[in-house]
Amino acid sequence: MAEATQTTKLTHWPRTAKGSGKKACTVEGCKRPYRAKSYCFFHFKKWRQGDLPHSRYRVCSKPECRIKTMKAGLCEKHYAETYKKDAAA
């Protein structure tokens, strides 16, 4: 009778840092090793979501608005407030 062998299936890729863990994340106060774009895995995820000041996409030029731009450097809401108002008059 042949014995059944057990194999473990890898369900995801393990998070590995680039640079052998010698380089740190560029976010001030973070000491995790960098993974991509000079960010650790945590801050890289935040960057992809657009939560960091230097975001992945162009964001609205209005202060405190971090939404992706639509036209003329403004998000859809601010674009409508600025240009749609002028067309209605």
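What comes next concerns the included structure. All of these numbers come straight from a predicted model, not from anything done at the bench.

**Examining the side chain of His 78**
And then number 1: Within the secondary structure layout, His 78 lies in helix H2 (residues 76-88).
And then number 2: A relative accessible area of 13% means that His 78 is categorised as buried.
And then number 3: With residues near it in sequence (within four places) discarded, His 78 still touches Cys 60, Lys 62 and Cys 65.

**Some words on the packing of aromatic side chains**
And then number 1: Inspection of every chain in the model, using the stated rule, returns two aromatic pairs.
And then number 2: Pairing Phe 44 with Trp 47 gives two aromatic rings, centres 5.6 Å apart and planes at 20°, and the pair type is stacked. Here Phe 44 pairs with Trp 47, and both are found in helix H1 (residues 41-49), just three residues apart, close to one helical turn.
And then number 3: With relative accessibility at 16%, the residue Phe 44 sits in the buried group.
And then number 4: Classification of Trp 47 by relative accessible area gives buried; the value is 12%.
And then number 5: With a centroid separation of 4.8 Å and an interplanar angle of 40°, the aromatic rings of Tyr 79 and Tyr 83 are classed as tilted. Taken as a pair, Tyr 79 and Tyr 83 lie in helix H2 at a separation of four residues, close to a single helical turn.
And then number 6: We classify Tyr 79 as buried; its relative accessible area is 16%.

Rules of the game
Residues numbered from 1 in each chain as written. Predicted model: local features only at pLDDT ≥ 70, side-chain atom pairs only at ≥ 80, totals over all residues. Heavy atoms only, no water. Helix = DSSP H or I, 4+ residues; strand = E, 2+ residues; numbered from the N terminus. Buried < 20%, exposed > 50% of the residue type's maximum accessible area, 1.4 Å probe, protein only. Contact = heavy atoms within 4.5 Å. Phe/Tyr/Trp six-rings, centres within 6.5 Å; stacked < 30°, edge-to-face > 60°.

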